[in-house]
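Now for the letters of each chain:
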Amino acid sequence: MLLSRAADGLYWIARYLERAEHTARLVDVGLDLGLGRPDATTRRAADRLYATLGFAGVLDGPIERAPLVGAALFDLAHRSSMASCVTAARENGRQVREEISSDMWEQLNALFLAVRQIQTHGDRRGRAPSICRTVIAGIHLFQGLTDATMGHGEGWQYLQAGRFIERAASTAALIDAFVADQAIAEGGRLEQIDWIALLRSCAALEAYCRHYTADVRPERVTEFLLLSADFPRSVRFATARLESALLAIARAGGRDTGGRADRLAGRLHSSLDYGQVDEILNDDPRAYLAGIGAQCGQIHSALYQSYIAYPIESAIPA
Amino acid sequence: MSLSQPAAPGRRMALPSSPPGDLFSRYSLDHVYDEMFDSSGEARPHCVPLVEDLLAASLPQLRQHQTEADRAFLTQGITFTVYGDEAGTERIFPYDLLPRIITAAEWATIEAGLTQRLTAINLFLRDIYHEERVLAEGIVPRELVYSCRHYRREMRGVHVHRGIYVSVAGTDLVRLQDGRFVVLEDNLRVPSGVSYMLANREVMKRVFPGLFSRYSVRPVADYGQTLLAALRTLAPPNRPEPTLVVLTPGVGNSAYFEHAFLAREMGVPLVEGRDLLTHDNAVYMRTTSGLRRVDVIYRRVDDDFLDPLAFRTDSRLGVPGLLNAYRAGNVSIANAIGTGIADDKALYAYMPDIIRFYLSEEPILPNVETYLMSKPDDRRYALEHLDELVVKAVGESGGYGMLIGPHSTAAERDAFRQKIVSEPRNFIAQPTLPLSRGACFTGDGIEPRHIDLRPYVLYGDRVRIVPGGLTRVALRKGSLVVNSSQGGGSKDTWVLQD
């Protein structure tokens with residue numbers, strides 16, 4: 001038995017933490033790109049990452065680096081900033097305090113306190129990469145505690161659903177940004193360093209190299225991040241996990257109006273299971289990627305309709 | 001064991017000969033009861049192991065323990081929000097490192113006294129909302145009851161399952177010069193603080209494990225189970241597998257941590273008003289698998305906010321229709337609606353008579369002498385002695401609406417004089433009590449500070465009191481106000497085995 005409001009809180013804890021991790025990794029990769037070879041190409045590669053975080057205009061001209069990094073990490077007015085996401089995750093954790101284990105709560109709270117400590121008092125100069133890594137490690141610790149100290153029942157499935165729907169949508173959006181730039185870039189090609197940046201933004205460079213060798217090609221990168229069956233940050237992998245979480249939720253819920261969310265997730269997952277990268281790229285890759293985002297939106301709505309914000313009239317006992 | 005030669009009353013405590021006793025260099029004794037040392041400066045027998053450990057400790061060690069304790073509270077999120085601060089600063093409630101120790105014999109008296117008191121209070125509430133014998137026989141003045149703003153007319157004639165109106169009470173005790181505990185006030189609506197009793201013990205075990213090896217301390221950890229069992233007894237008889245919930249006003253409430261804590265300890269859902277709805281006079285909560293019937297609500301929401309259809313219409317914390325479901329007997333609420341009449345501070349003065357009336361027994365725990373401002377003789381006396389008395393507003397709690405005569409200015413006394421004259425029913429006066437002092441770590445050493453004691457009394461199949469309670473500390477030197485909202489802190493409270 002799970003309160004609808006608690007299900008909502010659990011789902012959002014995981015979504016916000018996934019988003020915080022995504023932002024932290026993008027900032028980390030962007031900073032790293034600027035090291036060693038600070039020229040126009042690396043700069044543009046980094047700017048593209050910021051653009052996907054919702055910083056408008058970074059691709060149009062030179063912008064001061066430090067404030068951009070500071071905003072992506074700590075600006076609470078910016079909803080995708082790492083600090084915003086960690087704060088929101090922790091606030092949701094407070095709301096569902098009795099549903100999660102004390103170990104999980106203490107880790108979530110410690111993460112929040114650490115971020116706020118740096119934000120308000122810490123000397124941040126030159127520390128952004130280590131801050132990003134600390135936060136990512138803190139989120140992974142939370143996920144480990146989630147798996148190790150909380151029953152894998154209905155509540156846990158909402159955490160899974162939140163984490164993987166966020167991952168599917170944000171990875172698809174990130175690929176889209178590169179595909180879009182690829183189409184308009186002069187000469188029709190991004191540099192190899194851009195594609196490496198994309199892989200690293202998904203923590204996928206090593207896994208990619210093991211699979212395809214270090215020969216980094218755009219269609220292979222797209223294939224790997226979209227369609228890999230076993231890489232945990234690919235869209236296909238994320239939708240598989242999302243589908244199984246939603247199936248478990250449907251079984252636990254036992255409401256006859258359930259089932260829509262898992263059907264939609266199953267359909268998305270199947271389309272990726274049987275997808276072919278050459279077909280996708282030759283047809284309209286941007287429409288395809290946008291379609292993934294739209295389907296994630298529909299799955300989210302269906303989840304809410306079925307379990308969280310359902311109309312009372314449909315549920316009143318006879 | 002002695003801290004060297006006896007200290008005369010009012011004198012500074014003499015330095016012990018054994019180093020590094022300078023932790024105690026600012027410890028002074030006077031006419032007030034000291035929980036650790038008797039008036040001659042000898043450690044009380046049950047405090048000897050603690051004093052020995054402290055004499056062996058160093059200032060940096062204690063500071064280290066204090067830092068660890070504070071950090072433990074912070075990471076556990078045992079905090080309250082400072083309102084009006086942009087950054088939403090969260091602070092911990094100050095925690096004093098040293099335990100307050102109560103002997104088995106002292107506890108036996110407290111337990112018997114509180115059991116007697118809560119039994120009588122429940123009989124009184126049942127009577128007040130049904131036959132009114134206590135009024136008819138002139139034990140309690142009728143107008144005092146009807147003029148209380150916590151008296152709920154809606155509860156007249158309402159059947160309360162098993163006659164248990166107050167399932168959870170938090171009664172404040174203080175210890176006077178002669179070492180006796182007296183009742184300062186009853187909290188019978190939504191008493192809070194029990195999570196600190198439990199959290200303080202956990203933190204104490206974490207930072208000071210060595211101390212426990214020298215004492216046999218009765219555990220408090222089963223409070224959650226005891227509370228759950230007590231609440232279960234309230235379930236409507238036709239609901240053999242009752243669903244219980246804790247009702248909280250939400251994360252914005254300063255006691256939210258405690259609400260979530262108790263829900264977790266009991267393994268029941270923590271709900272807000274918006275999670276509940278009524279249909280056909282039954283209460284349901286909205287879950288992922290549809291609506292689920294709720295049988296017992298442990299509410300941490302005041303009467304006023306429970307049901308916007310019955311009480312305050314502007315309440316967004318409550319559940320429309322809850323009162324009717326309750327009156328229909330389809331849901332139980334703990335504590336019952338309308339218990340605030342019994343912790344009205346003017347009613348308090350009649351509590352000894354109430355105990356005698358219902359139980360034909362003498363009160364085991366005495367009351368504090370109380371002057372009712374609605375009585376002309378009492379009022380005249382109090383207005384002449386405002387500089388010696390403590391004046392309290394009858395319906396307030398949390399240390400608000402209080403005048404402490406000896407610590408007040410002439411202007412403050414004048415303000416209270418006017419309030420008393422214009423609304424005598426709303427005030428009582430009591431002598432300024434010499435609250436006992438407990439040893440506290442100040443950061444620079446160990447000094448005595450005024451303390452009180454709030455045990456938590458549960459009424460299920462019978463009255464049960466988890467051996468312990470919340471010892472609140474007036475951390476500012478000389479202050480008599482222990483409320484957390486007024487700069488107080490708390491300590492772990494040990495009840496020893498026989």
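Predicted, not measured: the structure shown is a model, and the values here were computed from it.

Student: Give me the overall build of chain B: which residues, what numbers.
Tutor: Across its full length, chain B carries 15 helices and 22 strands. For chain B, the C-alpha radius of gyration of 23 Å lies close to 23 Å, the compact-globule estimate for 498 residues. Taking the principal axes of its C-alpha atoms as reference, chain B extends roughly 75 × 60 × 50 Å. A buried classification covers 47% of the 498 residues belonging to chain B. When contacts within chain B are restricted to residue pairs at least 6 apart in sequence, long-range pairs at least 24 apart make up 67% of them.

Student: How would you sum up the sheet that holds strand β11 (residues 296–299) of chain B? Please name residues and give values.
Tutor: All names here are of chain B. Spatially, four strands are ordered β7-β6-β11-β12 in an open sheet, and the strand pairing comes out parallel. Each edge of the open sheet is held by one strand with a lone partner, namely β7 (270–271) and β12 (332–334). With three bridges connecting them, β11 and β12 associate as parallel partners. Bridge pairing in β12 places Ile297 opposite Ile333.

Student: How would you explain the domain arrangement of chain B if you had to name every residue and give the values?
Tutor: All names here are of chain B. Under the domain assignment used here, chain B contains domain 1 (106–196 + 219–359) and domain 2 (371–431). Spacing between the C-alpha centres of domain 1 and domain 2 amounts to 28 Å. Each partner contributes to the interface: domain 1 provides eight residues, whereas domain 2 provides eight residues. Considering only residue class, the side of domain 1 that touches domain 2 consists of two nonpolar, three polar and three charged.

Student: Could you give an account of the packing of helix α1 (residues 4–34) of chain A against helix α3 (residues 65–74) of chain A, naming the residues involved and the relevant values?
Tutor: Residues and elements named next belong to chain A. Relative to each other, α1 and α3 sit at 160°, their axes nearing to 9 Å. Judged on the interaxial angle alone, α3 and α1 are roughly antiparallel. Between α1 and α3 lies a crossing of left-handed hand. Mapping the contact onto sequence places Thr23, Val27 and Leu31 in α1 and Val69, Ala72 and Leu73 in α3. Residue composition of the contact of α1 with α3, by class: five nonpolar, one polar and no charged.

Student: Help me get a handle on the interface of chain A and chain B, residues and values and all.
Tutor: Taken together, the 25 residues of chain A in the interface contact 23 residues of chain B. Counting only elements with at least two residues in the side of chain A that touches chain B, the list comes to α1, α4 (82–95), α5 (102–120) and α11 (235–253) of chain A. The leading source of residues in the side of chain A that touches chain B is α5(A), at five residues. Here the side of chain A that touches chain B is built from residues that sort into 13 nonpolar, five polar and seven charged.

Student: I'd like a rundown of helix α2 (residues 59–75) of chain B, residues and numbers included.
Tutor: Relative to the 24 Å expected for 17 residues at 1.5 Å per residue, α2(B) spans 24 Å between its end C-alpha atoms, a close match to the ideal helical length. Positive phi appears at Gly77(B), one or two residues downstream of α2(B), with a value of about 70°.

Student: Tell me what's going on with the nonpolar core, and back it up with residues and numbers.
Tutor: Counting 235 residues, the largest nonpolar core has Ala20(A), Ala161(A) and Ala168(A) as the members making the most contacts within it. The contacts of Ala168(A), once residues within four sequence positions are left out, are Val235(A), Ala238(A), Thr239(A), Leu242(A), Ile292(A) and Cys296(A).

Student: I'd love a proper account of the environment of Leu480(B), names of residues and values included.
Tutor: Residue and element names in this part refer to chain B. Locating Leu480 in the fold gives a position in the loop between β21 (471–474) and β22 (488–495). Linking Leu480 and His407, residues 73 residues apart in sequence, is a C-alpha distance of 9.5 Å. When neighbours within four sequence positions are excluded, Leu480 is seen to be in contact with Ile404, Leu435, His450 and Ala474.

Student: Describe the sheet that holds strand β4 (residues 168–175) of chain B, naming the residues involved and giving the relevant values.
Tutor: Residue and element names in this part refer to chain B. The four strands lie next to each other as β5-β4-β19-β20, forming an open sheet whose pairing is antiparallel. With partners counted over all chains shown, the strands left at the sheet margins are β5 (181–187) and β20 (463–465), one partner each. Ignoring strand direction, the axes of neighbouring strands in this sheet form an average angle of 30°. Two strands pair when backbone bridges link them, and strand β19 (residues 456–459) and β20 are joined in this way by three bridges, in the antiparallel orientation. Bridge pairing in β20 links Leu458 to Arg464.

Student: Tell me about the environment of Glu106(A), and please be specific about residues and values.
Tutor: Relative to the assigned elements, Glu106(A) resides in helix α5. Glu106(A) gets classed as partly exposed once you count the C-beta atoms within 10 Å, which come to 16. Each residue touching Glu106(A), except ones within four places of it in the same chain, is listed here: Thr75(B) and Gln76(B).

Student: Mind laying out the environment of Leu111(A), listing which residues take part and the relevant values?
Tutor: Residues and elements named next belong to chain A. Position of Leu111 among the secondary structure elements: in helix α5. A residue is classified by how many C-beta atoms lie within 10 Å of it, and Leu111, with 23 of them, is buried. Considered as a pair, Leu111 and Gly57 are 54 residues apart in the sequence and their alpha carbons are 31 Å apart. Contacts of Leu111, omitting those with residues within four sequence positions, involve Val86, Val135, Gly138 and Phe142.

The rules behind these values
Residues numbered from 1 in each chain as written. Chains lettered and ligands numbered in written order. Predicted model: local features only at pLDDT ≥ 70, side-chain atom pairs only at ≥ 80, totals over all residues. Helix = DSSP H or I, 4+ residues; strand = E, 2+ residues; numbered from the N terminus. Rg over C-alpha atoms; globule rule 2.2 N^0.38 Å. Buried ≥ 20, exposed ≤ 12 C-beta atoms within 10 Å, placed from the backbone. Contact = placed C-beta atoms within 7 Å. Pairing = 2+ DSSP bridges. Domains from an automatic or database assignment. Nonpolar A, V, L, I, M, F, W, Y, C, P; charged D, E, K, R; others polar. Axes fitted to C-alpha atoms, helices over the stretch in contact; angles between N-to-C directions. Parallel < 35°, antiparallel > 145°, perpendicular 65-115°, else oblique. Left-handed = near helix turned anticlockwise from the far one by under 90°. Expected span 1.5 Å × (residues − 1). Core = buried A, V, L, I, M, F, W, Y, C linked by C-beta atoms within 7 Å.

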